[in-house]
Amino acid sequence: MLSILIPVYNYNIVTLVTQLYRQCAIIKDFKFEILVFDDHSQLFHKENNYVNTLKNCTYTILERNIGRSAIRNLLAQNANYENLLFLDADVQIISDTFILTYLDFINQKKYEVVYGGIVYQSEKPNKNQRLRWIYGNKRESLTAKKRSEQRYLSFLTLNFLIKKEVFKQVCFNENIPNLRYEDLLFSYDLMQAKISVAHIDNQVVHNGIETSAVFLSKTEDSLNGLKYLLENRILPYDYARITKTYHYLKQRKLLYFIVSFYKITRSFLKYNLVSKTPSLFIYDIYRLGYFSTITK
């Protein structure tokens, strides 16, 4: 009845899979499987192989690295059941009724896509991890009611349920560079296909909080990926807020000032963002300046 699909790369998923297995195993007459595909990583093979000792659970190491989009599609292709639950490897289950909550939607048979949401630890992390933590708490850790106001833009792929027949219509785009923003493109494709997305409060905790310096580097990578999506007309400029703002400034011939300001202040902006008190306002300025610089 349910295929739980987890892509992993250099991460220990034993605790996550054990949590999921225990919740599934106690449900009477419940058919399930947990498929973990390792994207040809180098770490935790021995630890993660424990998954193969659990009934209906499989840990498979791919022969080559195929990227975030392709591995999710491959997981879906290998799933045996009609309901697919995608989870990222670096999440933690915090509710004892996590599976039962999703099972309610499966039993209703009316859903197409359900996003459960994400939360972050309440206590402050190390000083060099504050930017990712603040961003996550302010921009991603939202209630279902708040997410529903922008049901597609608020959708993330780290914790969602989807019917297999729907996933066959809208899967992850494997033709784009492996530079992130696959979440944004997937949500846009759902919107274009008029697939309904329900938001519920069935959150997981995101454990993968990287340092502010690494998060900034990933931000730049993702903006390069966003540039590719725009230039190749895969994503319209008016879907994401940053590209909408960029287009507005471009029309009014203000990009020169944005780029000049960014180049002059870049080191000062980064100094704030990697500090113990980073500002999301400055983060937004940094992103807009970087994107304007690589795109103009």
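Source: prediction; values computed, not measured.

What counts as what
- Residues numbered from 1 in each chain as written.
- Predicted model: local features only at pLDDT ≥ 70, side-chain atom pairs only at ≥ 80, totals over all residues.
- Heavy atoms only, no water.
- Helix = DSSP H or I, 4+ residues; strand = E, 2+ residues; numbered from the N terminus.
- Rg over C-alpha atoms; globule rule 2.2 N^0.38 Å.
- Buried < 20%, exposed > 50% of the residue type's maximum accessible area, 1.4 Å probe, protein only.
- Pairing = 2+ DSSP bridges.
- Axes fitted to C-alpha atoms, helices over the stretch in contact; angles between N-to-C directions.
- Contact = heavy atoms within 4.5 Å.
- Salt bridge = Lys/Arg side-chain N within 4 Å of Asp/Glu carboxyl O.
- Patch = residues over 30% accessible without salt bridge, like charges linked within 9 Å, V, L, I, M, F, W, Y side chains within 5 Å.
- Areas by Shrake-Rupley, 256 points an atom, 1.4 Å probe, with all protein chains shown as cover.
- Parallel < 35°, antiparallel > 145°, perpendicular 65-115°, else oblique.
- Left-handed = near helix turned anticlockwise from the far one by under 90°.
- Expected span 1.5 Å × (residues − 1).
- Core = buried A, V, L, I, M, F, W, Y, C linked by side-chain atoms within 4.5 Å.

S.K.: Before we go on, may I ask you to explain the overall build of the chain in this structure?
M.R.: The helix and strand inventory of the chain stands at twelve helices and ten strands. Taken over the C-alpha trace, the chain has a radius of gyration of 20 Å; the compact-globule value for 296 residues is 19 Å, and the two agree within 12%. For the C-alpha atoms alone, the extent of the chain along its principal axes is close to 65 × 40 × 40 Å. Looking at the chain as a whole, 51% of its 296 residues qualify as buried.

S.K.: Looking at this structure, how should I read the sheet that holds strand S1 (residues 2-8)?
M.R.: The strands that make up a sheet pair up through hydrogen bonds in the backbone, lying either parallel or antiparallel. Taken together, seven strands build an open sheet; the order of strands is S3-S2-S1-S4-S8-S6-S9 and the sheet is mixed. With partners counted over all chains shown, the strands left at the sheet margins are strand S3 (57-61) and strand S9 (197-199), one partner each. If you compare each strand with its neighbour and ignore which way they point, the axes differ by 20 degrees on average. The pairing of S1 with strand S4 (residues 83-87) spans four bridges and is parallel. If you follow leucine 5 over to S4, its bridge partner there is phenylalanine 86. Together, S1, strand S2 (32-38) and S4 form the strand contacts of helix H3 (residues 68-78), whose direction differs from that of S2 by roughly 145 degrees.

S.K.: Hey, could you run me through the pattern of salt bridges in this one?
M.R.: Pairs may arise between side chains of opposite charge once their charged atoms sit close together. Per the stated rule, a full pass over the model turns up 13 salt bridges. The closest approach of N and O atoms between lysine 227 and glutamate 231, which form a salt bridge, is 3.9 Å. Of this pair, lysine 227 and glutamate 231 both sit in helix H9 (residues 212-231), four residues apart, roughly one helical turn. Several salt bridges converge on common partners, so that one network encompasses Arg68, Arg72, Asp88 and Glu182.

S.K.: Teacher, can you tell me more about unusual backbone geometry here?
M.R.: Across residues other than glycine, the phi torsion is negative in most instances, and most of the peptide bonds are trans. A positive phi angle, close to 55 degrees, is found at aspartate 29, a residue other than glycine. Relative to the assigned elements, aspartate 29 resides in the loop between helix H1 (14-25) and S2. Unlike most non-glycine residues, arginine 233 shows phi in positive territory, near 55 degrees. By secondary structure assignment, the location of arginine 233 is in the loop between H9 and helix H10 (241-251).

S.K.: What is the right way to look at a nonpolar patch on the surface in this model?
M.R.: Taken together, the side chains of Leu254, Tyr256 and Phe257 present a nonpolar region at the surface, about 360 Å² in accessible area. Looking at the secondary structure, you find leucine 254 in the loop between H10 and helix H11 (255-273). Residue classification places leucine 254 among the partly exposed residues on the basis of a relative accessible area of 33%.

S.K.: I would appreciate a short explanation of the packing of H10 against helix H12 (residues 280-295) in the present structure.
M.R.: The angle between the axes and the distance between the axes are what describe a pair of packed helices. Running from N to C, H10 and H12 cross one another at 60 degrees; their axes reach a closest spacing of 10 Å. The angle between the axes of H10 and H12 places the two elements in the oblique class. For H10 against H12, the interelement crossing comes out right-handed. Across the interface between the two elements, Arg241, Ile242, Thr243, Thr245, Tyr246 and Leu249 of H10 pack against Asp284, Arg287, Leu288, Phe291, Ser292 and Thr295 of H12.

S.K.: Explain the environment of alanine 76 to me, please; I cannot follow it from the model alone.
M.R.: Checked against the element boundaries, alanine 76 lands in helix H3. Looking at alanine 76, the relative accessible area reads 4%, which means it is buried. When the C-alpha atoms of alanine 76 and serine 3 are compared, they prove to be 8.5 Å apart, with 73 residues separating the residues in sequence. Setting aside its immediate chain neighbours within four residues, alanine 76 contacts Leu5, Leu84, Phe86, Lys164 and Phe167.

S.K.: So what exactly am I meant to see when it comes to the sheet that holds strand S7 (residues 118-119) here?
M.R.: Read across the open sheet, the three strands follow the order S5-S10-S7; overall the sheet is mixed. The open sheet is flanked by strand S5 (91-93) and S7, the only strands paired with a single partner. Two elements, S7 and strand S10 (residues 204-206), share two bridges in a ladder whose sense is parallel. Looking at the pairing, valine 119 lines up with valine 205 of S10.

S.K.: Would you explain H1 in this entry?
M.R.: Because an α-helix packs 3.6 residues into every turn, residues spaced three or four apart end up facing the same way. Taking 1.5 Å as the rise per residue, H1 with twelve residues should run 16 Å; its terminal C-alpha atoms sit 16 Å apart, in good agreement. Regarding H1, the residues found buried are Val14, Leu16, Val17, Thr18, Leu20, Gln23 and Cys24.

S.K.: What exactly am I supposed to notice about the nonpolar core here?
M.R.: Taken as a class, soluble globular proteins show a tendency for nonpolar side chains to be buried jointly. Ile4, Ile6, Leu20 and Ile99 are the most contacted members of the largest nonpolar core, which has 94 residues in total. The greatest single-element share of this core, amounting to seven residues, is contributed by H12. Aside from chain neighbours lying at most four places away, what touches leucine 20 is Ile4, Ile6, Ile34, Leu87, Ile93, Phe98 and Ile99.

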